[in-house]
Amino acid sequence: MSKLKIAVQKSGRLSEKSLALLADCGIKISNGDRKLKATAENFPVEVLFLRDDDIPQYVEQGVADLGILGENEVWEKGKDVTQLEKHGFASCKLVLAIPKDEVYSGLTWFRDKKIATSYPSILRNFFKSHQIEVQIEEIGGSVEIATGIGLADAIFDIVSTGSTLMLNGLKEAEVVTRSEAILIANPNLNAEKIKTVERLLFRIKAVRNASANKYILLNAPDTAIAGICQILPGMKSPTILPLATPGWSSLHSVIREDEFWDIIDQLKDHGAEGILVVPIEKMIV
Ligand code: ATP
Ligand code: MG
């Protein structure tokens, strides 16, 4: 069976979480000595460790079948790859920032201005769609210092907390787009590899469902069960088990993480006691 080759970032913001995602899917890789390649023990997968900039090209050419990287790199490189699943980590925004003392009047502020960036293609497309002429100064890194040293009037860069902008006397003017880590695939995989990708996607979804949900256990008087069942739909419906104390039951169900606090309050109002909320490791729906 030919192995599926997955490209992940060698070292940087994506590396650890990319390997953790594979590990959560039961794919164990050891890269202790930072080799270029590592083979999984228990899944037909080989992991290639690369710079994130190179991943779109390698996936387009089929050197790697899949890649995990930031959407920003996928958009910037514009290679022919299939975008499969977003992962929810390495979230950031791509922003236009200007010196903090400037009065920002809207996008036309940038007309004929010089903007430094490592993402010239995304930036060019953005201003083209707004029909505003700008000068783009492409630089490899440390974009945030470009205005301070007189290289540019503004910058276009990745921001997660905004503290780097502040430290460099800049302020956010426009959020151009938001990005997170994504799984990409070569568009011409053979049937055998597509099958392995589907197995992997099945596992990724089970991991994601698990982290988006919690398992809840609670005790309630039997008279409150009907009301509580209305609040706790569960995967099918809640499990109800009798307690040793007559007239009382234990209810088990699954709730969404983002509804958690609302539901807890409602449950208490309905007479629920001894509420336990525990993480779910995998969830197959
Ligand atoms: P490489 O050596 O692999 O080219 P890099 O320096 O280009 O690494 P990192 O700084 O490790 O890349 O960032 C990788 C990705 O993490 C970015 O492309 C982006 O999608 C995401 N990211 C999230 N938050 C930030 C941030 N604050 N700054 C930079 N990237 C971020
Ligand atoms: Mg890079």
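Enquirer: For this particular structure, what's the right way to read the sheet that holds strand 7 (residues 114-117)?
Expert: To summarise the sheet geometry, strands pair through backbone hydrogen bonds and adopt either a parallel or an antiparallel arrangement. Here 5 strands make up an open sheet; going across it, the order is 8-7-9-6-10 and the pairing mixed. In this open sheet, the two strands that pair with only one neighbour each are strand 8 (135-138) and strand 10 (170-179). Pairs of neighbouring strands in the sheet enclose a mean axial angle of 25°, with direction left out of account. Bridge count for strand 7 against strand 8 is 4 bridges, and the pairing is parallel. What sits directly across from Thr117, in strand 8, is Glu138.

Enquirer: Teacher, can you tell me more about the site of ligand 1 here?
Expert: Surveying the vicinity of ligand 1 reveals 14 residues, the closest of which are Arg13, Asp52, Asp53, Asn72 and Ser160. Between ligand 1 and Gln9, the relevant distance is 2.9 Å, taken from an oxygen atom to a side-chain nitrogen or oxygen of the residue. Here an oxygen atom of ligand 1 sits 2.8 Å away from a polar atom, N or O, in the side chain of Arg51. Burial of ligand 1 by the protein amounts to 78% of the accessible area it has alone, namely 630 Å². Residues of the shell around ligand 1, tallied by class, amount to 5 nonpolar, 5 polar and 4 charged.

Enquirer: I would appreciate a short explanation of the sheet that holds strand 12 (residues 213-221) in the present structure.
Expert: Judged by pairing direction, the sheet is antiparallel, and its 4 strands sit side by side in the order 13-14-12-15 without closing on themselves. Edge strands, defined here as strands with exactly one partner in the open sheet, are strand 13 (239-242) and strand 15 (273-279). Each neighbouring strand pair of the sheet contributes to a mean axis angle of 20°, computed without reference to strand direction. Against the sheet, helix 6 (residues 191-212) makes contact with strand 12 and strand 14 (248-256), and its axis sits at roughly 45° relative to strand 12, the strand it touches most.

Enquirer: Is there a simple way to think about the domain arrangement of the chain in this case?
Expert: Accessible area lost upon the coming together of the parts serves often as the stated size of an interface. When cut into domains, the chain gives domain 1 (4-89 + 181-189), domain 2 (92-179) and domain 3 (213-279). On a C-alpha basis, the centroid separation for the pair domain 2 and domain 3 is 50 Å.

Enquirer: I tried to follow the side chain of Ser15 on my own but got confused; where do I start?
Expert: Tracing the backbone through its elements, the reader meets Ser15 in helix 1 (residues 15-24). You can call Ser15 buried: its relative accessible area is 8%. Within the structure, the side chain of Ser15 is placed 2.9 Å from the backbone nitrogen of Gly12, a separation counted as a polar contact. Excluding residues within four positions of it along the chain, Ser15 makes contact with Gln9 and Lys10.

Basis of the calculations
- Residues numbered from 1 in each chain as written.
- Chains lettered and ligands numbered in written order.
- Predicted model: local features only at pLDDT ≥ 70, side-chain atom pairs only at ≥ 80, totals over all residues.
- Heavy atoms only, no water.
- Pairing = 2+ DSSP bridges.
- Helix = DSSP H or I, 4+ residues; strand = E, 2+ residues; numbered from the N terminus.
- Axes fitted to C-alpha atoms, helices over the stretch in contact; angles between N-to-C directions.
- Near = heavy atom within 4 Å.
- Polar contact = N/O pair within 3.5 Å; in protein donor to acceptor, adjacent residues only side chain to side chain.
- Areas by Shrake-Rupley, 256 points an atom, 1.4 Å probe, with all protein chains shown as cover.
- Nonpolar A, V, L, I, M, F, W, Y, C, P; charged D, E, K, R; others polar.
- Contact = heavy atoms within 4.5 Å.
- Domains from an automatic or database assignment.
- Buried < 20%, exposed > 50% of the residue type's maximum accessible area, 1.4 Å probe, protein only.

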